[in-house]
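Structural description and commentary
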Amino acid sequence: MDLRFILRRLYCFLLCGVIVYLISGTLLVTAIDVYAPEEVFFENGTTGTLKCSFKSKEVVSSGVSVTWSFQPEGSAEQPLSFFYYSGVTSYPGSLAQFQKRVNWAGDLNKKDASIQVVQMQFSDNGTYLCDVKNPPDITGSAAQIKVRVVMKESLPQTSPAIIAVGVIAAVICLIVIAVVTYLIIRRQEPSHDYDGCHSNETISSQTLPLGKKAESSMESSRCSSPSAPVQTCVLLQGPVIYAQLDHSGNKSSNSFHKMEPVVYADIRKN
């Protein structure tokens, strides 16, 4: 056989083997993502919760493990493990600083790897690392938390009172906006002018002697006097409407020529 043909076949086999190895390695070993807040503040002497969560494509198994490490503030040394958790058992590290002060506060079924540190001290300032392994998800970087232990007066102003004030202010702003919007809409509504008196009620009339003026017990009244010879007076709050007809053709209200008897119409509603 030709030597070139043999080398070409061997090259193809090697290339295929490398591709299969890379694909199988990618499928068998996947990355795991670990999340934690960048910086937290705790009051001196209180219990601090260090939150840590993870995301894995694999189902959480009994082989999952959590390792917490600590690097003092300003130190250039490698972080030292002070807490290890696997299955349902926790193992304290060798750091005397955290002896009997660390408690498990997570739930691996909910992908929570948080811990609690009792009696936070100023010496606890530093960087904390949370590392989670869930085989076959074993590759990934540990999440880092910068911890600041301060006095109560130095804590960030995120108290519930400030949050409540913000919520109340937002509600007041919404109410003011609603009232202003309502007033603007009311102003833009067209106004209806009064066109006189209209009544669909049955009118019963009676006549009185000429020149006799009608009197009403109600003081509030409105009169409509059109340009036509007919003069009409309407009592808004009174029960009776009085009408006087002038056939003289004179528009002046001071003329009394050819006066007809006054007609009084009672249109009170039952």
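The numbers attached to residues start from 1 for each chain and follow its sequence in the written order. Only residues with pLDDT of at least 70 get local features here, since the model is predicted, and only at 80 or more are side-chain atom pairs given and counted; chain-wide, interface and lining totals rely on the full set of residues. Side-chain measures here rest on the full set of heavy atoms in the structure, leaving out hydrogens and waters.

Note on pairing: DSSP must find at least two bridges between two strands before they are called paired. Helix numbers and strand numbers start at the N terminus; a helix is a DSSP run of H or I with at least 4 residues, a strand a run of E with at least 2. The six strands are arranged S3-S13-S11-S6-S7-S8 in an open sheet whose pairing can be described as mixed. Each of the sheet's edge strands pairs with one partner strand only, and the pair in question is strand S3 (39-43) and strand S8 (89-92). Geometrically, the sheet is characterised by an average inter-axis angle of 20° between neighbouring strands, direction not taken into account. One ladder, built from four bridges, connects strand S7 (residues 80-86) with S8; its direction is antiparallel. Following the sheet pairing, Tyr85 is matched in S8 by Ser90. Fitting a line to C-alpha atoms yields each axis, with helices limited to the stretch in contact; the angle taken between N-to-C directions then spans 0 to 180 degrees.

Moving on, we get to the state of the cysteines. Note on terminology: disulfide denotes any pair of cysteine sulfur atoms within 2.5 Å. Overall, the coordinates contain one disulfide when judged by the stated rule. The disulfide partner of Cys52 is Cys130, and the gap between their sulfur atoms is 2.0 Å. The disulfide joining Cys52 to Cys130 has a torsion of about -85° about its S-S bond and is therefore left-handed. Placement of the pair is Cys52 in the loop between strand S4 (48-50) and strand S5 (53-55) and Cys130 in strand S11 (residues 126-133), with a sequence separation of 78 residues.

Only residues whose relative accessible area exceeds 30% and that take part in no salt bridge are eligible for patches, with like-charged residues grouped when within 9 Å of each other and nonpolar side chains (Val, Leu, Ile, Met, Phe, Trp, Tyr) grouped when within 5 Å. Areas reported here follow the Shrake-Rupley algorithm with a probe of radius 1.4 Å; residue values treat only the protein chains shown as occluding. Here a salt bridge means any side-chain nitrogen of Lys or Arg lying within 4 Å of a carboxyl oxygen belonging to Asp or Glu. Judged by side-chain polarity, Ile163, Val167, Val171, Ile175, Val179, Tyr182 and Leu183 come together as a nonpolar surface patch covering roughly 650 Å² of accessible area. Summarising the element assignment, Ile163 is placed in helix H2 (residues 160-188). Under the scheme applied here, a residue whose accessible area is under 20% of the maximum for its type counts as buried, over 50% as exposed, and between as partly exposed, the area being computed with a 1.4 Å probe on protein chains only. With relative accessibility at 53%, the residue Ile163 sits in the exposed group.

In this structure, the amide linkage connecting Pro135 to the following residue, Pro136, adopts the cis form with an omega of 5°. With respect to the helices and strands, Pro136 occurs in the loop between S11 and strand S12 (137-139). Phi at Lys100 takes a positive value of approximately 60°, unusual for a residue other than glycine. For Lys100, the position within the fold is in the loop between S8 and strand S9 (102-104). For Lys100, a relative accessible area of 85% translates into the label exposed.

Counting through the fold element by element, Leu155 comes out in the loop between strand S13 (143-150) and H2. Here Leu155 falls in the partly exposed class, since its relative accessible area comes to 24%. A sequence separation of 114 residues divides Leu155 from Phe41, and the C-alpha atoms of the two residues are 6.8 Å apart. Beyond its immediate stretch of four places on either side in the chain, Leu155 contacts Phe41, Phe42, Glu43 and Val150. In what follows, a contact means two residues having at least one pair of non-hydrogen atoms within 4.5 Å.

Between the rings of Phe, Tyr and Trp (Trp by its six-membered ring), a pair exists once the centres lie within 6.5 Å; its type follows the angle of the planes, with under 30 degrees stacked, over 60 edge-to-face, and the other angles tilted. Tallying each qualifying case throughout the model produces eight aromatic pairs. Ring geometry for Phe70 and Phe98: centres 5.2 Å apart, planes at 75°, overall edge-to-face. Separated by 28 residues along the polypeptide, Phe70 in strand S6 (residues 65-72) and Phe98 in the loop between S8 and S9 bring together distant segments of the chain. With centroids separated by 5.9 Å and ring planes inclined at 40°, the aromatic side chains of Tyr84 and Tyr91 adopt a geometry described as tilted. For Tyr91, a relative accessible area of 42% corresponds to the partly exposed category.

Our next topic: the sheet that holds S4. The strand order S4-S10-S9 describes an open sheet built from three strands, whose pairing is antiparallel. Every interior strand has two partners, whereas the edge strands, S4 and S9, have only one. Direction aside, the axes of adjacent strands within the sheet are offset by 25° on average. Across three bridges, S4 lies against strand S10 (residues 115-117) in antiparallel orientation. Following the sheet pairing, Thr49 is matched in S10 by Gln116.

Turning our eyes to something else, we now look at the side chain of Asn125. Within the element layout of this structure, Asn125 appears in the loop between S10 and S11. Any N or O atom pair separated by 3.5 Å or less is treated as a polar contact, with the protein-specific requirement of one donor-capable and one acceptor-capable atom, and with residues adjacent in sequence counted only for side-chain atom pairs. At 3.1 Å, the side chain of Asn125 and the backbone oxygen of Phe122 are in polar contact. There is a polar contact of 2.5 Å between the side chain of Asn125 and the backbone nitrogen of Val149. For Asn125, the residues in contact, after removing those within four places along its chain, are Phe70, Pro72, Glu73, Val147, Arg148 and Val149.

Once that is clear, we can look at the confidence of the model for the protein chain. Looking at the protein chain, pLDDT values average 73 and 57% of them are 70 or higher. With pLDDT under 50 throughout, residues 22-29 is counted as low confidence; its partners more than four residues away or in other chains account for four contacts. What pLDDT conveys is the predictor's confidence in a given residue, as a value from 0 to 100. Note that pLDDT drops below 50 for residues 252-258; the model gives that stretch eight contacts with residues more than four away or on any other chain.

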